[in-house]
2 protein chains.
Amino acid sequence: MIKINNKRIKKAQELMRKEGMIGLMIMNHDDFIYFFNDLRVQPRAIIPASGPPVLIGFSAEEEELKGQINDTEIRLFSHIGEQISNVREVFKTIFEGAPPGLSHQDRPKVGMQMWFHTPAFLVDLFRKVNKQVELVPSDSVMDELRMTKDDAEIEKIQTAQSIAAKGMDTAKDFLKPGITGHELATEITYTMMKAGSEGTSTPIHINSGKRSCWIHGTTTKDPIQEGDLVVIDLTPMFEGYCSNLARTFIMGNPNKMQKKLFEVYLEIHESTKKELKPGNTVSNLDKLGKEICLKHGFGDYHIKGISHGIGLRFEENPASTIIPAHGKTKFQNNMTVTVGHTILAVPVIGGVRFEDIYRITNDGGEVLYNYPFDYIL
Amino acid sequence: MIKINNKRIKKAQELMRKEGMIGLMIMNHDDFIYFFNDLRVQPRAIIPASGPPVLIGFSAEEEELKGQINDTEIRLFSHIGEQISNVREVFKTIFEGAPPGLSHQDRPKVGMQMWFHTPAFLVDLFRKVNKQVELVPSDSVMDELRMTKDDAEIEKIQTAQSIAAKGMDTAKDFLKPGITGHELATEITYTMMKAGSEGTSTPIHINSGKRSCWIHGTTTKDPIQEGDLVVIDLTPMFEGYCSNLARTFIMGNPNKMQKKLFEVYLEIHESTKKELKPGNTVSNLDKLGKEICLKHGFGDYHIKGISHGIGLRFEENPASTIIPAHGKTKFQNNMTVTVGHTILAVPVIGGVRFEDIYRITNDGGEVLYNYPFDYIL
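Counting of residues starts from 1 at the beginning of each chain's written sequence and follows it residue by residue. Here chains are named by letter from A upward and ligands by number from 1 upward, in the order in which they appear as written. For this predicted model, a pLDDT threshold of at least 70 governs which residues receive local features, and a threshold of 80 or more governs which side-chain atom pairs are given and counted, while totals over whole chains, interfaces and linings are taken from all residues. Hydrogens and waters are ignored; side-chain quantities use all the structure's heavy atoms.

Draft legend 1. Summary view of the overall build of chain A. Strands are runs of DSSP state E lasting at least two residues, helices are runs of H or I lasting at least four, and both sets are numbered from the N terminus onward. Looking only at helices and strands, chain A features 10 helices and 16 strands. Relative to the 2.2 N^0.38 estimate, which gives 21 Å for 377 residues, the radius of gyration of chain A is 23 Å and therefore close to what a compact globule would have. Taking the principal axes of its C-alpha atoms as reference, chain A extends roughly 70 × 40 × 35 Å. The rule is simple: take the accessible area with a 1.4 Å probe, protein chains only, and divide by the maximum for that residue type; under 20% is buried, over 50% is exposed, in between is partly exposed. In chain A, which comprises 377 residues, the share counted as buried stands at 60%. All accessible-area figures derive from a Shrake-Rupley calculation using a 1.4 Å probe, and residue coverage is judged against the displayed protein chains alone. Taken as a whole, chain A presents about 14,900 Å² of accessible surface, with 50% of it coming from carbon and sulfur. As used throughout, the charge tally considers Lys and Arg to be positive and Asp and Glu to be negative, leaving His and the chain termini uncounted. By convention, the point assigned to a charge is CZ for Arg, NZ for Lys, CD for Glu and CG for Asp. In chain A, the 44 positive side-chain charges and the 48 negative ones have mean positions that sit 4 Å from each other. Radius of gyration here uses only the C-alpha atoms, and the compact-globule reference equals 2.2 Å multiplied by the residue count raised to the power 0.38.

Draft legend 2. Molecular detail of the interface of chain A and chain B. Taken together, the contact pairs 54 residues of chain A with 55 residues of chain B. Summed over both partners, the accessible area (1.4 Å probe) lost when two parts come together is defined as the buried area. Across the chain A/chain B interface, buried area totals approximately 5,200 Å², and carbon plus sulfur atoms make up 64% of it. A pairing counts as a salt bridge when a side-chain nitrogen of Lys or Arg comes within 4 Å of a carboxyl oxygen of Asp or Glu. Our count for the chain A to chain B interface comes out at 10 salt bridges. As a salt-bridge pair, Glu187 of chain B and Lys194 of chain A come within 3.9 Å of each other at their nearest N and O atoms. By the criterion applied in these results, polar contacts are pairs of N or O atoms within 3.5 Å in which, for protein atoms, one can donate a hydrogen and the other can accept it, and in which residues neighboring in sequence qualify only through two side-chain atoms. There are 21 residue pairs in polar contact (both at pLDDT 80 or more) connecting chain A and chain B. Looking at the side of chain A that touches chain B, the elements that each hand over two or more residues are α3 (62-66), α5 (120-129) and α8 (181-194) of chain A. No other element matches α8 of chain A, which puts 8 residues into the side of chain A that touches chain B. For this classification, Asp, Glu, Lys and Arg are treated as charged, while Ala, Val, Leu, Ile, Met, Phe, Trp, Tyr, Cys and Pro are nonpolar and the rest, including Gly, are polar. A per-class count over the side of chain A that touches chain B returns 27 nonpolar, 13 polar and 14 charged. In what follows, a contact means two residues having at least one pair of non-hydrogen atoms within 4.5 Å.

Draft legend 3. Representation of the packing of α8 of chain A against helix α8 (residues 181-194) of chain B. Axis separation between α8 of chain A and α8 of chain B bottoms out at 10 Å; the angle between their running directions is 175°. Put simply, α8 of chain A runs roughly antiparallel to α8 of chain B. Here His182, Ala185, Thr186, Glu187, Thr189, Tyr190, Met193 and Lys194 of chain A of α8 of chain A lie close against α8 of chain B, whose contacting residues are His182, Ala185, Thr186, Glu187, Thr189, Tyr190, Met193 and Lys194 of chain B. Along the lines of polarity and charge, the residues of the contact of α8 of chain A with α8 of chain B split into 6 nonpolar, 6 polar and 4 charged. Between N-to-C directions, angles span 0 to 180 degrees; the directions come from axes that are lines fitted to C-alpha atoms, helices contributing only their stretch in contact. An angle counts as roughly parallel when it lies under 35 degrees, as roughly antiparallel when it exceeds 145, as roughly perpendicular when it falls between 65 and 115, and as oblique in every other case.

Draft legend 4. Region of the structure containing the relation of the copies chain A and chain B. Copy-to-copy alignment: least squares on C-alpha atoms, limited to residues at pLDDT 70 or above in both. Screw-axis analysis of chain A against chain B gives a translation of 0.0 Å along the axis, an RMSD of 0.0 Å, and a rotation angle of 180°. With respect to symmetry, the two chain copies, as superposed, fit the operation of a two-fold axis. Taking the C-alpha atom as reference, chain A places Ala120 of chain A closest to the rotation axis, 2.0 Å from it. In this assembly, 100% of the residues forming the interface of chain A have copies in chain B that are likewise at the interface, indicating an isologous arrangement.

Draft legend 5. Main features of a positive patch on the surface. Patches draw on residues past 30% relative accessible area with no salt bridge. Two like charges within 9 Å are joined, as are two nonpolar side chains (Val, Leu, Ile, Met, Phe, Trp, Tyr) within 5 Å. On the surface, a cluster of positive charge is contributed by Lys287, Lys290, Lys304 and Lys328 of chain A. Locating Lys290 of chain A in the fold gives a position in helix α10 (residues 282-295).

Draft legend 6. Focus on the layout of surface pockets. Using only the protein atoms, space was sampled on a 1 Å grid; points where a 1.4 Å probe fits but cannot get out form cavities, open sets with protein on both sides within 12 Å along at least five of seven lines form pockets, and lining residues are those with an atom within 4 Å of a point. Grid points are joined across faces, edges and corners, and a volume is the space filled by probe spheres set on the points. Approximately 1,100 Å³ is the volume found for the second largest pocket. Elements with a contribution of two residues or more to the lining of the second largest pocket: α5 and β6 (134-137) of chain A together with α5 (120-129) and β6 (134-137) of chain B. With 5 residues, the top contributor of residues to the lining of the second largest pocket is α5 of chain B. Across the lining of the second largest pocket, the residue classes tally to 13 nonpolar, 5 polar and 13 charged.

Draft legend 7. Looking closely at the side chain of Thr338 of chain A. Residues and elements named next belong to chain A. Along the chain, the position of Thr338 falls in strand β12 (residues 336-339). A polar atom in the side chain of Thr338 sits 2.8 Å from the side chain of Glu355. Not counting residues up to four positions away in its chain, the partners in contact with Thr338 are Asn244, Ile306, Ser307, His308, Ile310, Glu355, Asp356 and Ile357.

Draft legend 8. The arrangement of the sheet that holds strand β16 (residues 366-367) of chain A in detail. All names here are of chain A. Two strands pair under a simple rule: DSSP has to find at least two bridges between them. If you trace the 3 strands from one edge of the open sheet to the other, you get β12-β15-β16, paired in antiparallel fashion. The open sheet terminates on both sides in strands that have one partner only, identified here as β12 and β16. The sheet contact formed by strand β15 (residues 356-359) and β16 spans 2 bridges and is antiparallel. Bridge pairing in β16 places Tyr358 opposite Val367.

Draft legend 9. Here's a closer look at the domain arrangement of chain A. Residues and elements named next belong to chain A. Partitioning chain A into structural domains gives domain 1 (6-146) and domain 2 (151-367). Domain borders in the structure are assigned automatically or taken from a domain database. Between domain 1 and domain 2, the C-alpha centre-to-centre distance is 34 Å. On the domain 2 side, the residues contacting the 9 residues of domain 1 number 12 residues. Carbon and sulfur atoms make up 55% of the surface buried where domain 1 meets domain 2, a total of about 1,100 Å² over both sides. On the domain 1 side of the contact with domain 2, Trp115, Asp143 and Arg146 bury the most area, a combined 48% of that side's loss. Here domain 1 and domain 2 share 2 salt bridges between them.

Draft legend 10. A look at the environment of Pro254 of chain A. Residues and elements named next belong to chain A. Checked against the element boundaries, Pro254 lands in the loop between β11 (245-250) and α9 (256-274). Look at Pro254 and you get buried, because its relative accessible area is 16%. Spatially, the C-alpha atom of Pro254 lies 61 Å from that of Glu63, the residues being 191 residues apart in sequence. Setting aside its immediate chain neighbours within four residues, Pro254 contacts Lys259, Tyr375 and Ile376.

Draft legend 11. How the structure looks around the sheet that holds strand β8 (residues 229-234) of chain A. All names here are of chain A. An order of β7-β8-β11 is seen for the 3 strands of this open sheet, with the pairing classed as antiparallel. Strands with a single pairing partner mark the edges of an open sheet, and in this sheet they are β7 (205-208) and β11. Strand-to-strand, the axes of this sheet are offset by a mean angle of 15°, without reference to chain direction. Here β8 pairs with β11 via 6 bridges, running antiparallel. When the sheet's bridge partners are listed, Leu234 is paired in β11 with Leu245.

Okay, structure coming up:
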């Protein structure tokens, strides 16, 4: 059900004016949920720097859309190709008078999310047909708005994380040598959907054996073997909000080096979570992790990016493994970040990751959902 | 398991030279499967216009990668940020001698997929750090290679479609007023994963009531009502290959207008599939659909794009609802396309879609998996 959040729109408009943007082009479900409180697939909306927002919908959706909103203008299209021309038309009315042929830096700026769910071809197409405006990433407005979470948002992330916990319980119930990652993912998915998961932000990661060293993850149809390390990373969503729970298990008893690897990771996790305080940064946390790795002889295997922001988007600012500059983003109270994003992977021994979500507080990270750290089943 | 397909690489290199590209930058799982026969998440590889391909992997993945390949160069990185600099380094060795400061049209061209899974920010970043090359869509090479399918590919799409059929059977078993779209999607997902689905290309669509008119789809936690039209669209994948099976059901008995809507859609589907012959185009098929709609008084509700290509990507050339020019792509034998992509949606009455996959033959479309068209449960 669409419910326009005028408070957030007003704040976005203030930031747009500050950043010199004439409008925001909304193309992603997360931005749409943030402003309009409804999950829609490939939504299209424009929020001008002043005045009411414009929704662009397919003609046959008019009845359903108009039943939900009053004073917002709805532009309709009857062929997907027309979305782009509708968008151009709306922007023309917004920047009426802007002369054509301006150089990049003098054109009116339009902000758009350019993250993982914004296809490259669509941005190229937008630029081609909207030559009077300069398309820029909307991050300077949206990050500022969305980095800190209100209570209702934290509750939703918590619910999503509790669903991930149910999935991890199922993983522990079924995990044994011989089962395939795919079979495990099937049962985990069923549990999480029954508990309310709308889907996952990333594929379920079940990386076992040599693949426990992978930096990304997936599931395969190969059976898990005795002695394997198994990295499981779950990311179910609830009402659009993301979760992220990762644990690593050993199939049998760890050898000495594996035990050490687990202990070092848990030491990094424990030390890091205490430093989740306003003013601190992911760069600082990474320095701490590096020191711990060096102390235990794993310095060569340390990689940066132990934490990332999480909310309506799976990776939000700070997302330093994607945008290195985010390593310098200063934490604020009520930001929600993970600890345990990076794998500690040592060839031949295996890879380990334990990831949870924390709220930034003056006293350090407050875990959103407490899940055990046991790794021997 | 990585298995380099040298035949496809050689053909790609011929096409690259014809198109004036010095290399292909592989960033997407579908291109990676096509050339290297392995599903990897966010893979990175470069295929130069001549010489062996280069794989770029995370340092801790070296053991696993080197165990699978012999003579291919592997570049390794130990921080995600380094991927981009590794890429730049490889391209430098490929285009050694190309002077800096060339204008766009004179720079050596590098092809890259720019479809839904290629994030806009990554393309902008690539362009920023690889200024000596001109990044262009790889479509002119990849579409040419991938549009027609070999027998092994058709078999995989068939398997994927048979998994979708099992999901649709489950939908029919559970579908009744009172069940929510989410509950239905939970059972469908469980069935499809048990049957081997690796995930779906799109979210499962269960659009009921007013939402049956939606052009895209999702599931909600609202219960399905007596009298609703319910559009169900399933897209499970098998070994990276996509499927697409859509059916529409009525909860109870259709009224006169709903019955007509079903009959018109089935007439469009039946007439269209007969015309899936070499040389024909989606534009022509759309003309046929428009005539049928006009004949029955639904002319205002006809939308273009009844078919789209399908394979390792959910929507491949022809994908005219995204790239209008694809409406003119000429069919060839052994292309695989859907019929039933567009919704026929009439406000107040509802929306209908029946979608299957066909192989183009001289005798018209050969259905890859035969699934009944019944719509009353």
